[in-house]
Each structure stands twice: as C-alpha cells, then as structure tokens.
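# Structure at a glance
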Amino acid sequence: MSIDNEIYGKYLREIGSALRNKFLRLALSRAVKSYRLNRNEAFKLYPYIKDKAERLREIKRHSLKTIDELTKRTKDMVEDLKGNCYLAGDACEAVKYIKSIVKEGETIVKSKSLTMEELNINKELEEMSCEVLETDLGEFIVQHLKSKPMHLLSPAIHISRERVAELLSRLMEKKIPPEIPLLVQEVRKYLRQKFIDANTGLTGANAVAAETGTVLIIENEGNARLVSGLPEKHIVVAGIEKIVPALSDAILVAEVTSRYACYKAPAYINLISGPSKTGDIEKQIVYGVHGPKEFHLILLDNGRREMIKDPVYCQALYCLKCGSCLYECPIYSLISGYFGYVYMGGIGAILTRFLLGGLEKAAPIAYTCTLCGRCREHCPMKIDVPKMMLKLREEAVKNNIAPLKLKENLKSVTGIEI
Amino acid sequence: MSIDNEIYGKYLREIGSALRNKFLRLALSRAVKSYRLNRNEAFKLYPYIKDKAERLREIKRHSLKTIDELTKRTKDMVEDLKGNCYLAGDACEAVKYIKSIVKEGETIVKSKSLTMEELNINKELEEMSCEVLETDLGEFIVQHLKSKPMHLLSPAIHISRERVAELLSRLMEKKIPPEIPLLVQEVRKYLRQKFIDANTGLTGANAVAAETGTVLIIENEGNARLVSGLPEKHIVVAGIEKIVPALSDAILVAEVTSRYACYKAPAYINLISGPSKTGDIEKQIVYGVHGPKEFHLILLDNGRREMIKDPVYCQALYCLKCGSCLYECPIYSLISGYFGYVYMGGIGAILTRFLLGGLEKAAPIAYTCTLCGRCREHCPMKIDVPKMMLKLREEAVKNNIAPLKLKENLKSVTGIEI
Amino acid sequence: MNSILLWQGCNYRNNLEKELKEVFKVLEKLNVEFETLSNETCCGFPFLIGGFLKKAKETAGKTIEKINDFDIVLTPCPACQRAFKDLYSSMLNLQVKPIVNHLAEFIWRILSSKKDGFHLKPLRMKIMYHDPCELGRHMNIYEEPRKIISLIPSLSVYEPRFSREKSVCCGGGGLLFAYFPTLSIKVAAKKLVDEDKIPEDLDAIVTACPQCILTLRKAVELILKREIEVMNIAGLLARSIV
Amino acid sequence: MNSILLWQGCNYRNNLEKELKEVFKVLEKLNVEFETLSNETCCGFPFLIGGFLKKAKETAGKTIEKINDFDIVLTPCPACQRAFKDLYSSMLNLQVKPIVNHLAEFIWRILSSKKDGFHLKPLRMKIMYHDPCELGRHMNIYEEPRKIISLIPSLSVYEPRFSREKSVCCGGGGLLFAYFPTLSIKVAAKKLVDEDKIPEDLDAIVTACPQCILTLRKAVELILKREIEVMNIAGLLARSIV
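Since the model is a prediction, treat every value here as computed from it, not as a measurement.

Cut-offs applied
Each chain carries its own residue numbering, running from 1 in the direction its sequence is written. To read the labels, note that chains go from A and ligands from 1, taken in the order they are written. It should be noted that, the model being predicted, local features are given only for residues of pLDDT at least 70 and side-chain atom pairs only at 80 or more, the latter also being counted only at that level, while totals for whole chains, interfaces and linings use all residues. Side-chain metrics in this entry use all non-hydrogen atoms of the structure; hydrogen atoms and water are not considered. What counts as a helix is a DSSP run of H or I of at least four residues, what counts as a strand is a run of E of at least two, and both are numbered from the N terminus. The contact criterion used throughout is that any non-hydrogen atoms of two residues lie within 4.5 Å. Accessible area, probed at 1.4 Å, shrinks when two parts are joined; the buried area is that loss added up over both. Between Lys or Arg on one side and Asp or Glu on the other, a salt bridge is scored when a side-chain nitrogen of the former is within 4 Å of a carboxyl oxygen of the latter. Strand pairing is defined by DSSP finding a minimum of two bridges between the two strands. The domain boundaries here were taken from an automatic or database domain assignment. Orientation is described by axes fitted as lines to C-alpha atoms, over the contacting stretch for helices, and by angles from 0 to 180 degrees between their N-to-C directions. A least-squares superposition brings the copies together, and it is based on the C-alpha atoms of residues with pLDDT no lower than 70 in both. When residue character is reported, Ala, Val, Leu, Ile, Met, Phe, Trp, Tyr, Cys and Pro are called nonpolar, Asp, Glu, Lys and Arg charged, and the others, Gly included, polar. The definition of a polar contact used here is a pair of N or O atoms within 3.5 Å, where within protein one atom must be able to donate a hydrogen and the other to accept one, and adjacent residues in sequence count solely through side-chain atom pairs. Here roughly perpendicular refers to angles of 65 to 115 degrees, roughly parallel to angles under 35, roughly antiparallel to angles over 145, and oblique to all remaining angles. Less than a right angle of anticlockwise turn of the near helix away from the far helix marks a crossing as left-handed, whereas a clockwise turn marks it as right-handed. By convention, a stacked pair of Phe, Tyr or Trp rings (six-membered ring in the case of Trp) has centres within 6.5 Å and planes under 30 degrees apart, an edge-to-face pair has planes over 60 apart, and any other such pair is tilted. Buried residues are those whose accessible area, probed at 1.4 Å on protein chains only, stays under 20% of the maximum for their type, while exposed residues exceed 50% and partly exposed ones sit between those limits. Criterion for a charge above a ring: Lys NZ or Arg CZ within 6 Å of the ring centre, and within 35 degrees of the ring normal.

### Quick notes on the environment of Ala-208 of chain C
All names here are of chain C. Mapped onto the elements of the fold, Ala-208 is located in the loop between strand 6 (204-207) and helix 10 (210-224). With 79 residues separating them along the chain, Ala-208 and Tyr-129 place their C-alpha atoms 8.7 Å apart. Once residues within four sequence positions are removed from consideration, Ala-208 is found in contact with Pro-76, Pro-78, His-102, Tyr-129, Pro-132, Leu-135, Asn-232 and Ile-233.

### Thoughts on the arrangement of the chains
With three pairs of chains in contact, the largest contact count belongs to chains A and B. Chain A shows no contact with chain D. Their nearest C-alpha atoms sit 19 Å apart.

### Section: the interface of chain B and chain A
With 80 residues of chain B at the interface, the matching set in chain A holds 80 residues. The three residues of chain B that bury the most area against chain A are Ile-281, Glu-282 and His-290 of chain B, which together make up 13% of that side's buried surface. The salt bridge partner of Arg-161 of chain A is Glu-282 of chain B, with a shortest N-O separation of 2.8 Å. Where strand 9 (residues 268-272) of chain A and strand 9 (residues 268-272) of chain B come together, five bridges link them in antiparallel fashion. Opposite Ile-269 of chain A, over in strand 9 of chain B, you have Leu-271 of chain B as the bridge partner.

### Overview of the domain arrangement of chain C
Residues and elements named next belong to chain C. Domain parsing of chain C yields domain 1 (4-111) and domain 2 (118-240). Listed as interface residues are 27 residues of domain 1 and, on the opposing side, 25 residues of domain 2. For the pair domain 1 and domain 2, the summed buried area comes to about 2400 Å², and 75% of that belongs to carbon and sulfur atoms. Of all residues in domain 1, Arg-82, Trp-108 and Leu-111 give up the largest surface area on contact with domain 2, accounting jointly for 24% of the area buried on that side. In this structure, the connection of domain 1 to domain 2 is made through two salt bridges.

### Some thoughts on the sheet that holds strand 3 (residues 131-134) of chain A
Residues and elements named next belong to chain A. One open sheet holds the six strands; their spatial order is 1-12-7-4-2-3, and the pairing between them is parallel. Each of the sheet's edge strands pairs with one partner strand only, and the pair in question is strand 1 (84-88) and strand 3. Sheet twist, expressed as the mean angle between neighbouring strand axes with direction ignored, is 20°. Sheet topology places strand 2 (residues 107-110) next to strand 3; four bridges connect them, and they run parallel. Its bridge partner lying in strand 3, Lys-110 is registered against Glu-134. The strands that helix 10 (residues 180-197) touches are strand 2 and strand 3; relative to strand 3, the one it contacts most, it runs at about 130°.

### Topic: the relation of the copies chain B and chain A
For the pair chain B and chain A, the best superposition has an RMSD of 0.0 Å and corresponds to a rotation of 180° with a translation of 0.0 Å parallel to the axis. Interpreted geometrically, this transformation is the action of a two-fold axis. For chain B, the residue whose C-alpha comes nearest the rotation axis is Asn-270 of chain B, separated from it by 2.6 Å. Both copies present the same face, since 100% of the interface residues in chain B are matched by interface residues at the equivalent positions in chain A.

### Overview of the domain arrangement of chain A
All names here are of chain A. Taken domain by domain, chain A consists of domain 1 (3-45 + 310-409) and domain 2 (49-134 + 199-302). Between domain 1 and domain 2, the C-alpha centre-to-centre distance is 27 Å. Contacts between the two partners involve 25 residues from domain 1 and, on the opposite side, 23 residues from domain 2. Summing both partners gives a buried area of about 2200 Å² for domain 1 against domain 2, and 70% of it is carried by carbon and sulfur. It is Phe-43, Tyr-318 and Leu-320 in domain 1 that bury the most area against domain 2; as a group they hold 26% of the surface buried on that side. The interface formed by domain 1 and domain 2 contains one salt bridge. We note a salt bridge from Lys-264 to Glu-41, for which the minimum N-O separation is 2.7 Å. Taken together, the elements giving at least two residues each to the side of domain 1 that touches domain 2 come down to helix 2 (22-45) and helix 16 (345-355). Taken together, the residues of the side of domain 1 that touches domain 2 sort by class into 17 nonpolar, four polar and four charged.

### Details of the interface of chain A and chain C
Each partner contributes residues to the interface: chain A has 38 residues there, and chain C has 37 residues. For the pair chain A and chain C, the two sides together bury roughly 3500 Å², of which 68% comes from carbon and sulfur. Across the contact surface, chain A and chain C share one salt bridge. Note that Arg-36 of chain A and Glu-195 of chain C form a salt bridge whose closest N and O atoms lie 2.7 Å from each other. Counting across the interface, chain A meets chain C through 13 residue pairs in polar contact (both at pLDDT 80 or more). In terms of residue count, the dominant contributor to the side of chain A that touches chain C is helix 20 (residues 404-414) of chain A (seven residues). Residues belonging to the side of chain A that touches chain C are distributed by class as follows: 22 nonpolar, seven polar and nine charged.

### Structural notes on the packing of helix 16 of chain A against helix 17 (residues 358-368) of chain A
All names here are of chain A. Axis separation between helix 16 and helix 17 bottoms out at 7 Å; the angle between their running directions is 165°. Compared by their axis directions, helix 16 and helix 17 come out roughly antiparallel. Our pair here, helix 16 against helix 17, has a crossing hand that is left-handed. Of helix 17, the residues touching helix 16 (which contributes Gly-345, Ala-349, Thr-352 and Arg-353) are Gly-358, Leu-359, Lys-361, Ala-362, Ile-365 and Ala-366. Of the residues that constitute the contact of helix 16 with helix 17, the class distribution is five nonpolar, three polar and two charged.

### Notes on the side chain of Asp-310 of chain A
Mapped onto the fold, Asp-310 of chain A is located in the loop between helix 13 (304-309) and helix 14 (324-327). Within the local environment of Asp-310 of chain A, its side chain forms a polar contact with the backbone nitrogen of Tyr-313 of chain A, the two atoms lying 2.9 Å apart.

### Examining the packing of aromatic side chains
Scanning the model with the defined rule gives 23 aromatic pairs over all chains in all. Where Phe-84 of chain D meets Tyr-88 of chain D, the ring centres are 5.6 Å apart and the plane angle is 70°; that geometry is what we call edge-to-face. Of the two residues, Phe-84 of chain D and Tyr-88 of chain D both sit in helix 5 (residues 78-92), four residues apart, roughly one turn of that helix. Note on accessibility: Phe-84 of chain D and Tyr-88 of chain D belong to one class, buried. Of the aromatic side chains, those joined through ring pairs into one cluster are Tyr-8 and Tyr-367 of chain A together with Tyr-179 of chain C. Directly above the ring of Phe-354 of chain A sits Arg-353 of chain A, whose terminal nitrogen or CZ lies 4.1 Å from the centroid. Over the ring of Phe-162 of chain C we find Arg-374 of chain A, and its NZ or CZ is 5.0 Å from the ring centre.

### Some words on the packing of helix 9 (residues 181-195) of chain D against helix 10 (residues 210-224) of chain D
All names here are of chain D. Orientation of helix 9 relative to helix 10, taken along the N-to-C sense of each, is 80°, at an axis distance of 8 Å. For the element pair helix 9 / helix 10, the angle class is roughly perpendicular. The segment helix 9 lies against helix 10, with Ser-184, Ile-185, Lys-186, Ala-188, Ala-189, Lys-191, Leu-192 and Val-193 engaging Thr-215, Leu-216, Lys-218, Ala-219, Val-220, Leu-222, Ile-223 and Leu-224. Looking at the contact of helix 9 with helix 10 residue by residue, the classes come out as 11 nonpolar, two polar and three charged.

### Observations concerning the sheet that holds strand 1 (residues 84-88) of chain B
Residues and elements named next belong to chain B. With parallel pairing, six strands are arranged side by side in an open sheet as 1-12-7-4-2-3. Sheet topology places strand 1 and strand 3 (131-134) at the edges, where each strand pairs with a single neighbour. Strand-to-strand twist of the sheet, defined as the mean angle between neighbouring strand axes without regard to direction, takes the value 20°. Bridge count between strand 7 (residues 233-239) and strand 12 (residues 294-300): seven bridges; the pairing is parallel. Considered in strand 12, the bridge of Gly-239 is made with Leu-300. Taken strand by strand, helix 5 (residues 91-101) contacts strand 1, strand 7 and strand 12, and its axis lies near 170° from that of strand 12.

### Quick look at helix 11 (residues 233-240) of chain D
Listed as buried for helix 11 of chain D are Ile-233, Ala-234, Gly-235, Leu-236, Leu-237, Ala-238 and Ser-240 of chain D. Packing partners of the buried residues in helix 11 of chain D comprise helix 2 (17-29), helix 6 (103-113), strand 4 (126-129), helix 7 (143-151), strand 6 (204-207) and strand 7 (229-232) of chain D.

### A word on the pattern of salt bridges
Tallying each qualifying case throughout the model produces 92 salt bridges over all chains. Its salt-bridge partner being Glu-19 of chain C, residue Arg-217 of chain C comes within 2.5 Å of it at the nearest N-O pair. One end of the pair, Arg-217 of chain C, is in helix 10; the other, Glu-19 of chain C, is in helix 2 (residues 17-29), with 198 residues separating them in the sequence. Among the charged side chains, a network of salt bridges with common partners joins Arg-36, Glu-328 and Arg-374 of chain A together with Arg-161 and Glu-195 of chain C.

Printed below as a string of structure tokens:
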C-alpha cells in the first residue's frame, strides 16, 4: 500500500460512507437546528458574554505565557491540600502513573474527557483486568457499540434510539423498547451499581485554578459528580493549557464555555480541591470522608509546551472545547466526527498534530478544510484556524505527505509541475 | 414560673454548666488555636481577600436592595431549566411544600443547613414515617446523641472521640475503638448505604446566583455532593438573602466565606442549576440521568423581608456564616453554642429574633454579649453586631422582658429606679 | 493616467470564458482603459494554500515581475487579489508594488463617481448575493458588491439568514474542489438548501469569485437540479448596463 | 481660660475611690484647674446600653443641664465619654455643648505640650496596657495611653499578641459584670491567661476604664490568684510624676 493511500485512503472512504448515511444527515441537521435555537436563547439571556469571552482570551494568553509559574502554584496548592499532583511529560508517563494507583481488577468509572483519549487508557487498564466504564450517556453508548464519538458534546449523535434500545436489551438481557426516557432510565440503573462498586474515578477538567489548586468540571448528567464523588480514588487528567491563575478565571472558563456550547446553564459545575476531609471529631483532620480519600491531578504536557513555543499554533491551546465551531463548519455539519481524528473539526487537526496522532493523522483533516474561516467568527477565543491549517499543510508538504491527487490536480489546473 | 425565669433561667443554668465542662474548654481552646493557625496560613496565601470581602459587602448591600428583581430572575431561570422554585413566606409554607414532595416512609438524607433548622423539618418528616439522616459528620454525631450543634462549622466540637466511639458501637452493633480515622470510616460505611437508598436529598445553599438560577454549596466532606447527586429528588432551602446577581458574585461568596472560615480551599464547591439532563440520544432532552430528576429550590422569607426593611438589623443578612466572629468572641470561645439558640454568637441573637425563636430567645443572648465589638473587627462583612444588640435590648425593655436581675443591679449601682 | 492591468486568474481563463467576456464588456462600457497579459500564468495562490511554499515563491516571483510595472492591478478573482495583497507578504515576504483591487471594489468606485455617465436598465429577476470567503471574511469586502447590485432597477434581492461575516462557504475553498470534488459539491448543495434556504422563485445566485461560481453551479446542476443561474457580479452588470 | 469639669463617673465614685484620688493627684501635679460636681449622678450609659432608653433620656437630660456650662468635660471613664460624645446624639438625639475628653487624651495633650514643666521618675516594673473596648474599638483611642506610658523611664512594657483593634475584652462590657458576674470574670481570666498570655513576671495591668479595672482585678484575685496590680493609667502616672 502506498503511503498516500495509507494516510488518505481510509479517511476518504469513511467520509464517502458518511456522506451516504441518511440517519447521520438527519441527526446532524436536527443537532444544528437545536444548537442554533439554544444559542440564540442563551445569548439573549447573557448579553455580556462576548465581553467575557474577550476577557477570557486575554487570561488564556497570559496563562500560557506564565505556564511554569502556574503549574508550580497548582502543584504546591494541591499538595498543600493533601492531594497529589503529577507533571506528566507525555502520555506514557501519565499512563504509568495511573497504573501505579489503580490496582488489578478494579472497577473504574470515567466521565467524558478528550484529554484522557490521548492516553488510550481504557485499553491500558483493561490489560490490568479492570472493568472500565464510560458513564456519560453518549460515551457509554459509543463505547458499548464500539463506535467512534462524533461530537464533543453529543458523542452518540450518529446513533438512533433503535440501536440504543438493541444495545441495552442485550446488556440487560430483557426487551427494552426504543423510547428515549426509558433508555435513559435503564442506563441510569445499569451504571448506578457500577458507580457504587467503583474503586477509582477518572475525569478530565475544563479548567484548573492555580491559586487554589482547584479542578473545575462542567457537566449536565451528574455522572462526573458521582465519578469524582463515590470511589475511594479520584484521578484527574488535565492538559497544562487548562490552568488559569484564579478561581474566578476558572469560572469565566465555565461561563464562556457553557454559553458558547449553548447551555443557558449547565446542570453542574464541580469545583474540587484535594481529597474530601473532616475535622469534626476533636478537630483532627481526617482525609476521605464521604468523598475520595485520594485525589490525583495529572498535568499533562504531551506536546503542549512545544505548541506554546510556536507563535502560530500556540493559540490552538485557547480552545475551550465548547463545540461552537463544529456545528457552524460546512464540513463538520455534513460528516460530523469523520472530519477529525479524536479531536474534531479544523481546530482538531492542530490538536491531532501535536497531542494525538501526529502529522499523518492531521494532514487529511487539514486538506478537507475549506479554509473558509467561519469557525473563527464563531469561536469565543477567535482562534485563527485557517492560518494554522496553512502551516499544517506546509508541514505536510515538507514531510512529503501532501495528497498525490491534489498535486496532480493542481498541475492540471495551473499547468505547473510540483 | 415567672416570665423572667422562663426566659433567662434555663439559659443561665446551661451556661453555668458549660462553664464547668472541662472537655468543652479543652476542645474550644484546641479549636480556637487551629482556627487561628489556619486563618493566618489562608490569609497569607490569598493576599487580596480583604479587598474581595469589601467588594462582596457592596454586592450584598445591593442585592438586598434589589431583592424582588433578583428573586424573580432566580425563579424564572430555575423554571426555565425545568427545576421548581417556590417562594415560601414563612417556615410553615416551606414545610408544607416539602411535605407535598416527599412521600410517606422515604429515606431522606440532609447536608448541614442552618436555614433548614428554621423549619424543624426533621420532626415534621419523621411524622411522615420518614427516616431523616444528617450526613455531615458532626451533625450526624450530634443528631444521634440528641445533642445540640455547638458551632457552625464544627457542630460536634463538644463531643469527645470516646463518646463518638460509644455511639457508633451502638449503631453498628460491634465494638469500635475510639480512633478518629476509624470512626470516620465507620460513619462513611453506615451512611453510604443510606445515600444509596435515599429518595430525597435536602440541602441548604451558601449562595444563589440569580442570573443563572444556580445554587452554590460549599463543603469539605463530600456529603452534599451525594445528598444532591444520588436521590431522585433534590430540595434546596435557601434564605432570600443568599441571592446575589451573578455566578461570579456567588463565587466571591464562596471565596470570602472559605477564607474567613479558614480554609485554604474547601474540598468541594458545588454549583447546581436545575435537574440533571441529557440530550445524548437523538438530541431529545431527558431530565434525571445520573443525578436528580426533580430539583426544588425553596426561597425562604420567614422574617427576612422585615429585616431588610430595618436600617439597623438589615446588615445582619450580610452574614456569610463563616464563623469568623465566633472563635474571636470572648463569650463564645468560653461557652460555644450555649451562647446562641440555633443561630450562634452575637450575630445569632439578631437572626434568632427574626428567623427562629423570636425576641424571647434572642434577649438572653443579647444580654450575655459584652458589646465589645471584636466580632465586627473580624467580620468580612464588617457587620456592626454591637449596634444591633443595643436595638435588641431596647426591644426587650419595650416588651417588658429585660432581665430582672439586671434591673435590680443597675438600681443599686446608679441609685436610680428603673 | 494610471496604467491598469486586468489580472484574469486561472479559473476565468480556463473555465469561465463567457464570464470573462462579461468582465471585459463591463469595463469597456465604463470606459476603463486596461491591459491584459498574454503570458499570464498562475499567481501561486493554490500553492500558497496547498502548503507548497517553495513552488509558491517561485511562481510569485515571476508574477511580481509581470505586474510590477502597472499602477493598478485589477482582478475578478479574490484569491488572486488576496495572494497579491496579503499572502505574498505574510507567507513569502514578497512585496507587490501596484495597488491591487478586486473588480467589485473597482467598479463600485467608478459607478459611484460618475453618477450620470451610464445608464442601467431594469432587470426583473430575483437574485441572492453570496459572499465569497476569500473576498468577505479574508479581505473584508462585503459592501461594494451589494452597492453595485442595489443600483440595478427592478432587481429583487434575497438576503440569506447567514451572510457577510457569518456567510456559509460554497465548499470550494481551500482547494477542496480540487482535492475532493464530491464533498465540495455536497457542501455547496447543503449551503443553498439548508443554510441559505434559497426561495422557490430564485433566478440567480450572484457572487464575486470564480471558484464559488464553479462549485455552486455544479451543485445547482447535479444535486438541486434546478434552473438557477450562477453568475459573476460583472455578468449581472453586463446585462443591465447600456 | 477654659472652665474644666472632671466628670468622675459612678464606678470611680462608688468603687474606685483610691484610683479617683490618683486622678486628682495627677491633674494637680500637672497644674490643671478643674471642678467636680457635688451632685454628679449616673450619666445614663448603663440605661443606654441596657435598652432602657426612656430612663436614659431622663438621666441624660439632667446630666446635660449640669455639664453644659463648662468648656471642657474631662472623664477617666470611657463609657461616660462615649455617652456624652456619641450615644446621647445617636441614640437619644441630644447634644452636649462642651468638648469631651477622656483623661488619657487630655493628659497626653498637656504632657506633650510642656516638655519641661514636670519630671517623671523611673518605675522599675513590667506592665501590660489593656485597650478598653469602650475607649479603643468604640472611640478609636489607642495611641494616647501608650504615649503616656512610653514617657515613664525604666518601665518595661509587655504588648500582648492581640491589642488595639484586635484587643480582647475584659468581660465586663455590655453590663455583663452586672448581669452575670461569674461569666464576666471567667472571660477576664481566659483573656489574661489564654489570649494575652501574660508573662510570669508581670507586675501590673494598666488600663483606662474603671470597668476593666474591676473585672480584671477580680479575675486576678479570684481565678489567677496572682499578685498583679490592676491600675488606671493615672495611677501609674501618679507614681512616677514628681
């Protein structure tokens, strides 16, 4: 197989089949419609949100500039609060650390985290005979159907209620009709016992406040609260770009992310600082009361410091994963998560390049982008994706992996040999 | 029995016995010492906290002035998010509402809330054959020992590890040694099953953000997360004075409260907006996923609007319940919660007068205060407790319930008949 | 007087000959004296955005030699315009001497300066103006095409719900039309139907970029299967100007 | 010259006669001409803070009549001072004409103005100054007593960890000494031992309020059972001034 085919072939075939998927088309246009409706309502309720986004952009810029200081304060604070804070240089180190905390055969509950995907942790933990469960409804469905998440916020957008009913009927060994509220209840029941049995909870973070060593998690279903609240051990994996100076900055992240993700208000914002504790008997501090006894925060580099140093790519780390760019992207709104690898959409191409997949996975995405810049208009952080795409393509060419078909085509159009 | 004896007699006898309680004295001086140590450390870590307190004072002042607007926005938002918001005029109405939601024989878990004490809800629910469990460790101990909470933040400060061990041995029907970490673990075990069985969770709130309809709960043990996260129904009772305009204001409440309560960072700050929800299957919104299906916010007046109208008493509603004044009060640091009724300390006298107990319960506290003003110096909101005490005493005299002994004594000192 | 070069661009030269003639016609009607190059080749834009920077530099160097003697370079292609005005300098560190104008800017300047020197006859048709990404979001030109359109009597203009900064791409940008034409055309069809929600009685889509014309035209023909014209703004003007 | 009234206060008149004599002595040494009232009665402060506002108004009215002819009212009792300067107006809406000074303020003014008109002999003792709540937190007078003390040679001053705005109450404020003396004295004892952590070799506690003197003295006698003097700042000065 040629390198070109290896890099582009499967990707293009997937897109081709996505284009023929009628349910996906229906689901996507439903999703885009509800997204826009919610967005308009959310923005009307919060007239100052654009100013807040602008303020946050400045905070993010400043945070990346002072990342070393911020990382240090975070670590100091988490440890001061008797939590553990580990600075992982790459995915390998992070996995090794997690494996040193988790024991063979544990039940492990997870709540949605893109960053965790960089670790391929499910496979790693399953090798330790652990049962690893995604608990976000969409992720749960995708995991059990061995499918691929198709959206940051609605990973199972491409799966019909009938397929979910089939899946659950199989899991629960009884006939479950394809009614959505019922399906949700059955997943609740199924996972509730898993939550209770779980030894370790794994989550990501939407922001980390250095000043207080606080992890912030936004969610709607209430699974992250249980993942981080019931087991004896809670492990958080967060990219270093999630760190902001103060708690109020982290809240700004939550506000801007939520609004641009079109929530009037997310049901839950969880702020967690170290393990649970009490001094209620004779003022003696004991760790691990109703919540975890062990709290581990893994701050992941895994290519991020390299990004920070690059004046063009750097701003990709401002990304809040609000998904605002996706539904407004002409390509994504047609083929959803197929336009991406793990990180989706145009911005996903840059993250893929640095964090997970490398240039070979990023290049096909970069060349599927129309460079139209609509994402930049909708991005709360005004991330200049087209500009970064140009640099990605430049890198692809330098590495001799630009798509052959494109080269041929350009030659025939311009009459110039490349 | 004379009115004077009824009002002052039992109270003075309790104080007398508190003065003779050696364990209480030891526990209190231990508590004060650790409070001051933690306070110094916390203030050193957060040099701007006094400015934040000043900003918050302004926000509180403004919020009380615009309480009608804020209440309306809160109700609108909570309902928009498919939660319920009930404006309770008094404790009776609140109780009636709660009883309309809770069913006979339910298991009910509670997390610490002073406001809830105004409702005497435990008794009310027990009459419905419900099992009502305090889940904050200190409250749990106090509840099961049928004692009285002695501090806002450390309700069981007056109870020794030996007495706790005795209690737990009885509850678990096995011998449990008086080692504090072990005691904590046993309570965890005992309550974990209750959390799982519970039908309804009751909590208070440290702040309510009107803009987003969000309830904020600060805690360290992780019980509030389970109370508000596991049962099908979550009921919040909050005084209307807890409402602030925006989420960032609520976070300011959390920061100032925590710092003045001497936490470097509380383990958890929970932000809850409506019931749990998902749109993960075909974008159809379903309420009640891993968290509660029903969310009820009760905004309680119960005398607060009367306070707001009074130019002197009004500022008692700025109180964050941080407990900062208590350990620095010459009376409280000697006799703890005996200096108070349900709401403790000097500030407690004013709250007692309006919210729970009335003037007859407030008067003995008011006359036990030295009016020294040390609380005002330590209060983040600079609440002028001595000034309000003078007004309370004036009211006591007007209602003919000033202490007889004092009158006699003043006569003998001044030679003037009162 | 200024020397003016009409830079035609590959797409016009190779694929849009009829449209190119309309450009000539309009410029003549407006009494613009201009030249064209007999040896015009690619400006390098496809190489620039394809990542082929070495090739782009080579091509750009040659192009600059050809155009630098003129005072004004005029082009109906916003990609060429952007290459000259922005990308040559930002990506290749090369400078272009002449003033570079997109055709729409240039035409509007003339139309607005000599109010009585020409006559526009009414066009009884319903059109929609599509903002090309290269012209709009990338070069910030939104108003001139609309102003030109507004001068034509009797024209009914449909403004889609997303336009200007929020306009939806035709699907042909970023070389996608060259790399993956099926996807490109599907984007165009979705744009017209789901995003712009073009009305039943629309007669024409007017735009200002040759790539947009090609992509949208394909979508109209192959997927929408409707009789909607897709035309350059010069083509519209050519019909009206007397 | 100004007419000066020394308002003695009930506590001095009834319970601290020795201390009152020391006040007289100091004022005489400093050549202050002053009068006292033979018909001095309660200023009304206890009624004010006890909630007995009607009685307070009655008492205050009579008091004002007695003191309004003077230019300056001088008092060793900060409660009386606060009544005259603050509470009469804020709680009763009554105004007092003369300037009202606490003794410590007044003395410091004289001492600081005539540097050479007096001689202070050394006192070889270790003292702690206790800020009375009425004088400190309520009237904002923290420095004058300390400045007076600092003039006395050889004196060793122990500054407790909580002082000035953060000073711990003696337990006698707010009529608690009248209402619940046991509690009051326990507060005083706890204050001295746990809060001020007074050193082993402390000879005296100096303060500027008769109620503080009484409460702390009781605690020292009954609970601490130590031989520590509790004295007024005038008492200290009386010993030193020649």
